[in-house]
Amino acid sequence: MARVKGGLMAQKRRKNILAEVKGYRFGRSTKKKQAREAIYHAQTYAFAHRKDKKNDFRRLWTVRINAALMSHGLKYSRFIKALKDKNIEIDRKILATLAVENPEAFDRVVAEVK
C-alpha cells in the first residue's frame with residue numbers, strides 16, 4: 001500500500017488554528033504551537049470570566065440600588081430585608097433598572113416597603 005502523508009489535512013488544521021488567533025501578537029498569530037497554547041488560555045479565561053460576569057453585574061446592581069436609596073434615607077440591606085418581609089419579589093436587576101431609568105416607579109416601590 002502506498003504511504004499517505006497528512007499534508008492536506010495538516011495544512012487545513014493549521015489554517016483553522018491560525019484563523020482563530022488572527023490579531024494576536026508576536027508568534028502566537030503565526031506559529032501553530034504557540035497559537036494552540038494561546039487558544040487554550042483564551043478559552044480558559046473566557047469560561048472563567050463568563051462566570052465572573054454574573055458576580056460583577058450583581059455587584060453593579062447593588063451599588064446602583066444603594067445609591068438610589070440614599071435619597072430615601074434607607075440602606076441597601078434593610079431595604080432588601082423589607083422587600084422579603086413584604087413578599088415583594090423584584091430581583092436586583094429590575095430594581096437597579098428602575099432606579100436608573102424610571103425613578104418614579106422606584107420611589108413607589110420604596111414607598112410600598114416603608
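Here's what I pulled together on the structure shown here.

Ranked by size, the top nonpolar core spans 17 residues in total, and within it Ile-65, Leu-69, Phe-79, Leu-83, Leu-95, Phe-106 and Val-109 carry the most contacts. Only α2 (32-70), α3 (76-85), α4 (92-101) and α5 (103-113) provide two or more residues apiece to this core. Among the nonpolar cores identified, the runner-up in size contains five residues, and Ile-17, Val-21, Ala-38 and Ile-39 belong to it.

The interhelical angle for the contact between helix α1 (residues 7-20) and α2, taken along N-to-C directions, is 50°, at an axis separation of 9 Å. In terms of orientation, α1 lies oblique with respect to α2. In this structure, the crossing between α1 and α2 has a hand that is left-handed. On the side of α1, the interface is formed by Arg-14, Ile-17, Leu-18 and Glu-20, while α2 contributes Lys-32, Ala-35, Arg-36, Ile-39 and Gln-43. Among the residues forming the contact of α1 with α2, the class breakdown is four nonpolar, one polar and four charged.

Another point: the pattern of salt bridges. Tallied over the full model, the rule gives two salt bridges. Note that Arg-59 is salt-bridged to Asp-56, the shortest N-O span being 3.5 Å. Within this pair, Arg-59 and its partner Asp-56 are both found in helix α2, separated by three residues, close to a single helical turn. On the basis of relative accessibility, which here comes to 54%, the residue Arg-59 falls in the exposed class. In this structure, Asp-85 and Lys-81 form a salt bridge, with 3.0 Å as the shortest nitrogen-oxygen distance. In this pair, Asp-85 and Lys-81 both sit in helix α3, four residues apart, roughly one turn of the helix. Among the residues examined, Asp-85 registers a relative accessible area of 52% and is labelled exposed.

Quick look at α4 now. For α4, every residue scored as buried is listed here: Arg-92, Leu-95, Ala-96, Leu-98 and Ala-99. End-on view of α4: buried residues confined to an arc of 160°, all on one side of the axis. On its buried face, α4 is in contact with α2, α3 and α5.

This next bit is on the packing of aromatic side chains. Going through the model one piece at a time under the given rule, you end up with two aromatic pairs. Seen in terms of ring centroids, Phe-57 and Trp-61 are 6.1 Å apart; in terms of plane orientation they differ by 40°. Their pairing is tilted. Taken together, the residues Phe-57 and Trp-61, both in helix α2 and four residues apart, mark about one turn of the helix. An angle of 50° between the planes, with centres 6.0 Å apart, marks the rings of Phe-79 and Phe-106 as tilted. On the criterion of sequence distance, the pair formed by Phe-79 in helix α3 and Phe-106 in helix α5 is long-range, its members being 27 residues apart. For the pair Phe-79 and Phe-106, a shared accessibility class is recorded, and that class is buried.

Calculation criteria
Residues numbered from 1 in each chain as written. Predicted model: local features only at pLDDT ≥ 70, side-chain atom pairs only at ≥ 80, totals over all residues. Heavy atoms only, no water. Core = buried A, V, L, I, M, F, W, Y, C linked by side-chain atoms within 4.5 Å. Buried < 20%, exposed > 50% of the residue type's maximum accessible area, 1.4 Å probe, protein only. Helix = DSSP H or I, 4+ residues; strand = E, 2+ residues; numbered from the N terminus. Axes fitted to C-alpha atoms, helices over the stretch in contact; angles between N-to-C directions. Parallel < 35°, antiparallel > 145°, perpendicular 65-115°, else oblique. Left-handed = near helix turned anticlockwise from the far one by under 90°. Contact = heavy atoms within 4.5 Å. Nonpolar A, V, L, I, M, F, W, Y, C, P; charged D, E, K, R; others polar. Salt bridge = Lys/Arg side-chain N within 4 Å of Asp/Glu carboxyl O. Arc of directions from axis to C-beta. Phe/Tyr/Trp six-rings, centres within 6.5 Å; stacked < 30°, edge-to-face > 60°.

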